[in-house]
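The primary structure of each chain is shown beneath.
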Amino acid sequence: MSEGTPRQPVEEEVYFSPCVQMRTLLSQMADGTLRGLLRRYAEAHISRCTHCQSALRGLNRLRERLKSLGASPAADTVSVPLLTVERRATVEAAWAQMDEEARDSRSEL
Amino acid sequence: MLTMEGTAKGSGIPRPVERKAGVSERERFAEIARRYEAALMRLALRLCKGGHDCAQDLVQETLVRAYEAFRQGKYREGFSPQAWLSRILTNGFINDYRRRTRWDAGVDVETLTAGGEVGPPETRAAASDVPDAALIEGTLDEPLERALNALPDGLRVVVILVDIQELSYAEAAAMLNIPVGTVRSRLSRARYMLQNLLKDYARERRLL
């Protein structure tokens, strides 16, 4: 498999612009799902291409930021609106109805 | 007896929950619901692009469905309650989304260009176009939340499932009923789109 022709390094304007054939491979490199021959190809290309090196760095940073949206310890302390009183009452009524139906079906047996 | 694990506030470390004698199924479930309600609401708001009514609908429906499943013994002990509830909520969102849109036809994302853009530049949403009301209150990373909300739905949901909820490609594919290869390509497009949206947003902020 050809490694493609790595482009020359350029300024920050194209910082997140990898070689076309590397777009999906870099995305997979960033989340660790790229394996085998394709991974070796990608690694060989990245080692010689500054575009793809910087794109991979950007993707890694993006992944970390996204991950922190869901898993940040501080997220537990950030206030979000909870269910309204009316909706909570609706939920609890639905739970009570389920319990009642279960009791009724047991008593019929 | 240990029944299920939770996450100690702020630590990210699984925390066992003890089954208390004399506590009904409903009380046990209500305790789980209370503990994870904020996390569910946060996920619902993200899926709904900050729409409060949509998020309230989703969480309400999730807690009713989850209790039904809980009563039927469908909750597996030892499995994270938050992950279990999140999955029910996400499935609810996807099912509702399928009903409301042409999701199955894939029109919303398959018309994207290789660069991940939708339509001509003048019609594309920018991160700064996302109204403040659509942001999750007290968000820790406003630019990223804005960029996420500016993604087309089909791409945004894949990012939420894989990059935020940390599902595998296969799990996301099963949930969305699409091939694993489509998850892979949508993720790639979405991540580059997010990069561009973040870059544009940063540039606009510098110009203000």
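Report on the accompanying structure. Note that the coordinates shown come from a computational prediction; the quantities given were computed from them, not determined experimentally.

For the rest of this paragraph, the subject is the interface of chain A and chain B. Contact with chain A, which involves 44 residues of that partner, is made by 51 residues of chain B. Here chain A and chain B share an interface that buries about 4,300 Å² over both sides, 58% of which is from carbon and sulfur atoms. On the surface where chain A and chain B come into contact, there are seven salt bridges. Among the salt bridges present, the one from Arg26 of chain B reaches Asp99 of chain A, with a minimum N-O distance of 2.8 Å. Counting the contacts that link chain A with chain B gives 17 residue pairs in polar contact (both at pLDDT 80 or more). Breaking the side of chain A that touches chain B down by element, the ones donating at least two residues are α1 (23-31), α3 (50-71) and α4 (85-108) of chain A.

Attention now goes to the environment of Ile178 of chain B. Mapped onto the elements, Ile178 of chain B comes out in the loop between α7 (169-176) and α8 (180-207). Residue Ile178 of chain B is classed as buried on the basis of its relative accessible area, which comes to 15%.

Before going further, it helps to spend a moment on the state of the cysteines. One pass over the full model with this rule turns up one disulfide over all chains. With its sulfur 2.0 Å from that of its partner, Cys48 of chain B forms a disulfide with Cys54 of chain B. Measuring handedness by torsion sign, the sulfur bridge of Cys48 of chain B and Cys54 of chain B sits at about -60° and is left-handed. According to the relative accessible area criterion, Cys48 of chain B is buried, its value standing at 12%. Overall, Cys54 of chain B belongs to the partly exposed group, its relative accessible area being 29%. No disulfide involves Cys19 of chain A; its sulfur sits 3.7 Å from the nearest other cysteine sulfur, which is in Cys49 of chain A. Judged by its relative accessible area of 4%, Cys19 of chain A is buried. The thiol of Cys52 of chain A is not disulfide-bonded; the next cysteine sulfur, from Cys49 of chain A, is found 3.7 Å away. The class of Cys52 of chain A is buried, set by a relative accessible area of 0%.

Attention shifts here to the pattern of salt bridges. Inspection of every chain in the model, using the stated rule, returns 19 salt bridges over all chains. Close ionic contact of Arg63 of chain A with Asp163 of chain B constitutes a salt bridge, the shortest N to O distance being 2.4 Å. Of this pair, Arg63 of chain A sits in helix α3 while Asp163 of chain B sits in helix α6 (residues 153-164), on two different chains. Judged on exposure class, the residue Arg63 of chain A and its partner Asp163 of chain B are both buried. Across the pair Arg71 of chain B and Asp99 of chain A runs a salt bridge whose closest N-O atoms are separated by 2.4 Å.

What follows concerns α1 of chain A. Counting buried residues in α1 of chain A gives eight out of nine residues, a clear majority hidden from the surface. Turning to α1 of chain A, its buried residues number three or more, namely Arg23, Leu25, Leu26, Ser27, Gln28, Met29, Ala30 and Asp31 of chain A.

The buried count for helix α5 (residues 142-150) of chain B comes to seven of nine residues, which makes it a mostly enclosed element. For α5 of chain B, the full list of buried residues reads Leu144, Glu145, Arg146, Ala147, Leu148, Asn149 and Ala150 of chain B.

One finds Leu66 of chain A together with Trp84 and Val183 of chain B to be the most contacted residues of the largest nonpolar core, which totals 62 residues. Counting residues per element, this core draws most heavily on helix α1 (residues 25-47) of chain B, at 10 residues. With sequence-adjacent residues up to four places away left out, Trp84 of chain B is seen in contact with Phe29, Ala66, Ala69, Phe70, Lys74, Tyr75 and Phe79 of chain B. Of all hydrophobic cores here, the second largest spans 16 residues; its members include Met22, Tyr41, Leu56 and Leu59 of chain A.

Moving on, we come to the packing of α4 of chain A against helix α2 (residues 52-71) of chain B. The interhelical angle for the contact between α4 of chain A and α2 of chain B, taken along N-to-C directions, is 20°, at an axis separation of 10 Å. It follows from the interaxial angle that α4 of chain A and α2 of chain B lie roughly parallel. Read as a crossing pair, α4 of chain A and α2 of chain B show a hand that is right-handed. Across from Arg87, Thr90, Val91, Ala94, Trp95, Met98, Asp99 and Ala102 of chain A in α4 of chain A, the residues of α2 of chain B making contact are Asp53, Gln56, Asp57, Gln60, Leu63, Val64, Tyr67, Glu68 and Arg71 of chain B. When grouped by side-chain class, the residues that make up the contact of α4 of chain A with α2 of chain B number eight nonpolar, three polar and six charged.

Thresholds applied
Starting from 1, residues in each chain are numbered consecutively following that chain's sequence as written. Lettering for chains starts from A, numbering for ligands starts from 1, and both go in the order in which the items are written. For this predicted model, a pLDDT threshold of at least 70 governs which residues receive local features, and a threshold of 80 or more governs which side-chain atom pairs are given and counted, while totals over whole chains, interfaces and linings are taken from all residues. Excluding hydrogens and water, the side-chain values take into account all heavy atoms of the structure. Throughout, a residue-residue contact means that at least one pair of heavy atoms, one from each residue, lies within 4.5 Å. Buried surface area refers to the total accessible area, computed with a probe of radius 1.4 Å, that the two partners give up upon joining, counted for both partners together. Whenever Lys or Arg places a side-chain nitrogen within 4 Å of a carboxyl oxygen from Asp or Glu, that contact is recorded as a salt bridge. By the criterion applied in these results, polar contacts are pairs of N or O atoms within 3.5 Å in which, for protein atoms, one can donate a hydrogen and the other can accept it, and in which residues neighboring in sequence qualify only through two side-chain atoms. Numbering of helices and strands runs from the N terminus; a helix is a DSSP stretch of H or I covering at least four residues, while a strand is a stretch of E covering at least two. Think of it in three bands: with a 1.4 Å probe and only protein chains considered, a residue is buried below 20% of the maximum accessible area for its type, exposed above 50%, and partly exposed in between. Note that a disulfide, as used here, is simply two cysteine sulfur atoms within 2.5 Å. What makes a nonpolar core is a set of buried Ala, Val, Leu, Ile, Met, Phe, Trp, Tyr and Cys residues whose side-chain atoms join them at distances within 4.5 Å. Note on geometry: axes are lines fitted to C-alpha atoms, helical ones only across the stretch in contact, with angles between N-to-C directions running from 0 to 180 degrees. Any angle from 65 to 115 degrees is called roughly perpendicular, while one under 35 is roughly parallel, one over 145 is roughly antiparallel, and all others are oblique. Helix crossings get a hand from a simple test, with the near helix turned counterclockwise from the far one by less than a right angle marking a left-handed crossing and a clockwise turn marking a right-handed one. Gly falls in the polar group here, along with every residue not listed as nonpolar (Ala, Val, Leu, Ile, Met, Phe, Trp, Tyr, Cys, Pro) or charged (Asp, Glu, Lys, Arg).

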